[in-house]
Amino acid sequence: MLVQLNRNETNRTFTPNSTAVPVPDLNSLRRSPVVAVLGQRGRVAALRAHLPAGWVLRYPGNLDGVRPGEIVLFSGATEADVLAARALLPGRTRVVALVDEDAPAELVAAVLTAGADVCVRGGLAAILASHLVACRRRQLAERWSDLRDSLPAY
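So, how was this worked out
- Residues numbered from 1 in each chain as written.
- Predicted model: local features only at pLDDT ≥ 70, side-chain atom pairs only at ≥ 80, totals over all residues.
- Heavy atoms only, no water.
- Buried < 20%, exposed > 50% of the residue type's maximum accessible area, 1.4 Å probe, protein only.
- Helix = DSSP H or I, 4+ residues; strand = E, 2+ residues; numbered from the N terminus.
- Pairing = 2+ DSSP bridges.
- Right-handed = clockwise from strand over helix to strand, strands pointing away.
- Axes fitted to C-alpha atoms, helices over the stretch in contact; angles between N-to-C directions.
- Contact = heavy atoms within 4.5 Å.
- Core = buried A, V, L, I, M, F, W, Y, C linked by side-chain atoms within 4.5 Å.
- pLDDT = per-residue confidence, 0-100.

## Examining the pairing of strand 3 (residues 71-75)
In step 1: With five of its five residues buried, strand 3 lies for the most part within the structure.
In step 2: In terms of strand pairing, strand 1 (residues 34-39) meets strand 3 through five bridges, oriented parallel. Bridging from a neighbouring strand, Val35 pairs with Ile71 of strand 3.
In step 3: Pairing analysis gives four bridges linking strand 3 to strand 4 (residues 95-99), with the strands arranged parallel. In the strand pairing of strand 4, Ser75 is matched with Leu98.
In step 4: Between the parallel elements strand 3 and strand 4, the chain passes through helix 2 (residues 79-88) in a crossover that is right-handed.

## Section: the sheet that holds strand 4
In step 1: The sheet built from five strands is open, its strands ordered 2-1-3-4-5 with parallel pairing. Edge strands, defined here as strands with exactly one partner in the open sheet, are strand 2 (56-58) and strand 5 (118-121). Strand-to-strand, the axes of this sheet are offset by a mean angle of 25 degrees, without reference to chain direction.
In step 2: Along the sheet, helix 3 (residues 105-114) makes contact with strand 4 and strand 5, crossing strand 5 at roughly 155 degrees.

## What about the side chain of Arg94?
In step 1: Relative to the elements of secondary structure, Arg94 occurs in the loop between helix 2 and strand 4.
In step 2: Dropping the residues within four chain positions of it, Arg94 is found in contact with Glu70, Ile71, Val72, Asp117, Cys135, Arg138, Gln139 and Glu142.

## With respect to the nonpolar core
In step 1: Among the nonpolar cores identified, the biggest contains 19 residues, and Leu63, Val66 and Phe74 are the most heavily contacted of them.
In step 2: Those elements that place two or more of their residues in this core are strand 1, strand 3, helix 2, strand 4 and helix 3.
In step 3: Those residues within four positions of Phe74 in sequence are excluded, and the remaining contacts are Leu38, Leu63, Asp81, Val82, Ala85, Val95, Val96, Ala97 and Leu98.
In step 4: Membership of the second largest hydrophobic core comes to 18 residues, among which are Val44, Leu47, Leu57 and Val120.

## Section: the confidence of the model for the chain
In step 1: Mean pLDDT over the chain: 83, with 73% of residues reaching 70 or higher.
In step 2: Confidence, expressed as mean pLDDT per element, reaches its minimum in the chain at helix 1 (residues 2-6) with 48 and its maximum at helix 3 with 97.

## Describing the pairing of strand 1
In step 1: Buried residues dominate strand 1, accounting for five of its six residues.
In step 2: Here strand 1 runs beside strand 2; their pairing, made up of three bridges, is parallel. What sits directly across from Ala36, in strand 2, is Arg58.

In structure tokens:
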């Protein structure tokens, strides 16, 4: 009964039942996560089946085709690939490096030192997908922490 009495179908900003938040861009529709794959397509052919519903895989020709907010996946990554991505893309862009299963530890250390957020050895699509989902979660968490930092202190 109380639920029905207090129910209001009209959503007016800043009223007690409002679902609007007085912060720009938070009420906009959420976009599906996009993974921009650069490098060897064959190594990530099974990836789509392991990603959550709604995720999009794109294959831009080079780093110039990467859009803001996308997760960049280098298939067959090298240190030079990661260095170029960090030099060209915004700092908030998540970079994932996929290397061969038997890649030397020096290569793994090099791509991580160059700025990759994560380095995945081997081509198991389920493991790679879990790392991509974790990168997306970090993107969203960073969005909220940036929001908190931008609000005035009371």
